[in-house]
Amino acid sequence: MIQAPPGVTLIAVSKQQPEARIAAALAAGQRVFGENRVQEAHGRWAHRREGIDLHLIGPLQTNKVRDALALFDVIHTLDRPKLVRVVKAAGPRRARAFFVQVNTGEEAQKAGCLPQDLPALLHECNGLPVTGFMCIPPVGEPPELHFALLKTLAEAHGLPHLSMGMSADWEAAVALGATHIRLGSAFFGPRAGVKPGA
Ligand SMILES: *Cc1c(COP(=O)(O)O)cnc(C)c1O
């Protein structure tokens, strides 16, 4: 099992993983897990929530906000003003920290706040415990450029946390200051239905 470097939180991304692997991770002492769908995460974790630090790393729809805020400790995917308003209006929540997802590659099809829209979105976030930025670099581009940009943006806004780095690029992310790495296949093995290399 991969060990996170000191000071870096390894989020074991358990989406689509078989129960046996999750049980093995729990037995090995892993306590921080990530999921990208609220419903799927509820089924996998609601019955053994205690002592687990659960992170939402996938897109959040406004109609799932209440469920997400009740289930997850940390949300990595705040990315638009409407979502922020719904989160703020939702009342009591379990979630203790939030990341703003940044679309560093400015890809039309990808979630995340465009870099130039960050000041306005962060203004909207006023009152929420936002502690950092998250990104998913574009496929086929050197991820280092995006990690470096995310770090620069977080420093400019005085935010300490960087959620960046997945199975294929986490070492580069750590070298560029990642505080949270999100590892699925490198931690558990390939996901069901995912071909090697896909
Ligand atoms: C699935 C997923 C991961 C983990 O992906 P791997 O390549 O298996 O490490 C990380 N971050 C996000 C946002 C994901 O959806």
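Rules behind the numbers
Each chain carries its own residue numbering, running from 1 in the written order of its sequence. Restriction of local features to residues with pLDDT of at least 70 applies here, the model being predicted, together with a cutoff of 80 or more for giving and counting side-chain atom pairs; totals for whole chains, interfaces and linings are based on all residues. With hydrogens and water stripped out, all remaining heavy atoms of the structure feed into the side-chain values. Partly exposed residues are those whose accessible area sits between 20% and 50% of the maximum for their type, while under 20% is buried and over 50% is exposed, using a 1.4 Å probe and protein chains only. Helix and strand definitions follow DSSP, with helices as H or I runs of at least four residues and strands as E runs of at least two, each counted in order from the N terminus. DSSP calls a pair of strands paired once it identifies at least 2 bridges connecting them. The handedness rule is simple: strands pointing away from the viewer, and a clockwise path from the first strand over the helix to the second, make the crossover right-handed. What makes a salt bridge here is a side-chain nitrogen of Lys or Arg within 4 Å of a carboxyl oxygen of Asp or Glu, nothing more.

**Here's the deal with the pairing of strand 5 (residues 97–101)**
When you tally the buried positions in strand 5, you get 5 out of 5 residues, the bulk of the element. The alternating pattern of strand 5 places Ala97, Phe99 and Gln101 and Phe98 and Val100 on opposite faces, both of which are buried. In this sheet, strand 5 lies alongside strand 4 (residues 74–78) in parallel orientation, the contact comprising 3 bridges. Bridge assignment links Leu78 to a residue of strand 5, and that residue is Val100. Regarding the hand of the β-α-β motif, the stretch spanning strand 4, helix 4 (residues 81–89) and strand 5 is right-handed. In the sheet, strand 5 pairs with strand 6 (residues 130–134) via 4 bridges, with the strands oriented parallel. Within the sheet, the bridge partner assigned to Phe98 lies in strand 6 and is Val130. Assessed by its sense of winding, the connection that carries the chain from strand 5 through helix 5 (residues 118–124) to strand 6 is right-handed.

**Considering the pattern of salt bridges**
Two side chains bearing opposite charge may form a pair once their charged atoms approach each other closely. In this structure the tally under the stated criterion is 10 salt bridges. The partner of Arg85 in a salt bridge is Glu124, with the nearest N and O atoms 3.3 Å apart. Highlighted residues: Arg85 in helix 4 and Glu124 in helix 5, separated in sequence by 39 residues. On the accessibility criterion, Arg85 (45% relative accessible area) is partly exposed. Exposure remark for Glu124: the relative accessible area of 24% places this residue in the partly exposed category. One connected set of salt bridges, linked through shared partners, spans Glu35, Glu40 and Arg44.

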